[in-house]
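Reading the structure
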Amino acid sequence: MIDKSMASADAAVADIPDGATLMVGGFGPAGQPYALLDALIRRRPRALTLISNNAGNGDFGLAALLKAGCVRKVVCSFPRQADSWVFDDLYRRGELELELVPQGNLAARIQAAGAGIGGFYTPTGYGTQLAEGKETREIDGRRYVFELPLKADFALIKAEQADRWGNLRYDKTGRNFGPIMAMAANCTIVEVNHMVPLGELDPENIITPGIFVQRLVPSSPRAAQLSA
């Protein structure tokens, strides 16, 4: 019997080692897997490379992971905002490395990894510092930059519903990066608001098939409150 449910968030992240590359879903607070992040902070791995859309809000979630000293490098498209003081402080002190990636490129690079594509050409970033050291070429009269895929050892994402096989349905903007990150990681760990019996999910509404999911964890009351 296939059942990808784990006993706890702590058990689900227990084998994430120092130096791992980690994708974390979410668009700001929407779709961020807070229970999994809290469990990872309790474990305190070091020198992680974090791939996410942003670098955290306030003192919780991704920001708390940075504050705990777990992250060496952040790859994201939106590191700074009014409440990104944790990232700002660590970056200014030279304790955090940043690779800034335009949001469309970020999504496309993750998609490329999930699809097994070796890279792609994009006009975004050409002629800027973001293109320094990268291959460029002209195609049909326009200049392009070659971008490599982004893959990860682990992906931590959030879903609204899942069955025990790992088929996932998301809630509105909580969908964001989850589906493509699930395809681009060696091990996808999913925090789920509601576990449902097999057959309850309409196949037409399943966004991420269970083949891309390895572990399922129920969300905590605190995580649900932060996501609200």
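From a predicted model like this one, the values you see are computed outputs, not experimental measurements. (Residues numbered from 1 in each chain as written. Predicted model: local features only at pLDDT ≥ 70, side-chain atom pairs only at ≥ 80, totals over all residues. Heavy atoms only, no water.)

**Some remarks on a nonpolar patch on the surface**
The following threshold applies: Like-charged residues within 9 Å of one another, or nonpolar side chains (Val, Leu, Ile, Met, Phe, Trp, Tyr) within 5 Å, are grouped into patches, provided each residue has over 30% relative accessible area and no salt bridge. Each accessible area is a Shrake-Rupley estimate made with a 1.4 Å probe; only the visible protein chains count as cover when residues are assessed. A side-chain nitrogen of Lys or Arg and a carboxyl oxygen of Asp or Glu constitute a salt bridge if their distance falls within 4 Å. Working definition: helices are DSSP H or I runs of at least four residues, strands are E runs of at least two. Numbering for both runs from the N terminus. Only protein chains enter the accessibility calculation, which uses a 1.4 Å probe; a residue is then buried when its area is under 20% of its type maximum, exposed when over 50%, and partly exposed in between.
Together, I2, W165 and L198 make up an exposed nonpolar region whose accessible area comes to about 270 Å². Residue placement: W165 occurs in the loop between β8 (152-162) and β9 (168-169). The partly exposed category is assigned to W165, whose relative accessible area is 40%.

**Focus: the environment of V217**
This is how the line gets drawn: Any two residues whose heavy atoms approach within 4.5 Å at even a single point are treated as in contact.
With respect to the helices, strands and loops of the structure, V217 is situated in strand β11 (residues 215-218). Contact partners of V217, with chain neighbours within four places excluded, come to M6, S8, A9, A12, L36, V190, E191 and V192.

**A word on the environment of R137**
Structurally, R137 can be placed in strand β6 (residues 136-139). In sequence terms R137 and T122 are 15 residues apart; their C-alpha atoms lie 9.9 Å from each other. The residues contacting R137, other than those within four sequence positions of it, are Y121, R142, R143 and Y144.

**Quick notes on the layout of surface pockets**
To keep things clear, this is the line we draw: Buriedness for pockets is judged along seven lines, at least five of which must meet protein on both sides within 12 Å for an open set on the 1 Å grid over protein atoms alone, while cavities are sets there where a 1.4 Å probe fits but cannot get out, and lining residues have an atom within 4 Å of a point. Grid points are joined across faces, edges and corners, and a volume is the space filled by probe spheres set on the points. Gly is placed with the polar residues, together with every amino acid not listed as nonpolar (Ala, Val, Leu, Ile, Met, Phe, Trp, Tyr, Cys and Pro) or charged (Asp, Glu, Lys and Arg).
Here the largest pocket defines a volume of roughly 170 Å³. What lines the largest pocket is a set of eleven residues, among which G31, E160, D171, G174 and N193 lie closest to the centre. The leading source of residues in the lining of the largest pocket is β8, at three residues. Residues that form the lining of the largest pocket fall into these classes: two nonpolar, five polar and four charged.

**A word on the pairing of strand β1 (residues 21-24)**
Threshold: In this scheme, strands are said to pair when DSSP sees at least two bridges between them. Throughout, right-handed denotes a crossover for which the path from the first strand over the helix to the second runs clockwise when the strands point away from the viewer.
Of the two faces of β1, the one lined by T21 and M23 and the one lined by L22 and V24 are each fully buried. Where β1 and strand β2 (residues 48-51) come together, three bridges link them in parallel fashion. For T21, the partnering residue across the bridge sits in β2 and is T49. Taking the sense of rotation as the criterion, the β-α-β connection linking β1, helix α2 (residues 34-43) and β2 turns out right-handed. Note that β1 and β8 share three bridges and pair parallel.

**Notes on the pattern of salt bridges**
Going through the model one piece at a time under the given rule, you end up with 14 salt bridges. Across the salt bridge formed by K67 and D59, the nearest N and O atoms sit 3.6 Å from each other. Take D59: its relative accessible area is 41%, and that puts it in the partly exposed class. Across the pair D88 and R80 runs a salt bridge, and its minimum N-O distance is 3.1 Å. Judged by relative accessible area, which is 48%, R80 ranks as partly exposed. Residues joined by salt bridges that share partners form a network here, namely K73, E99, R109, K134 and E147.

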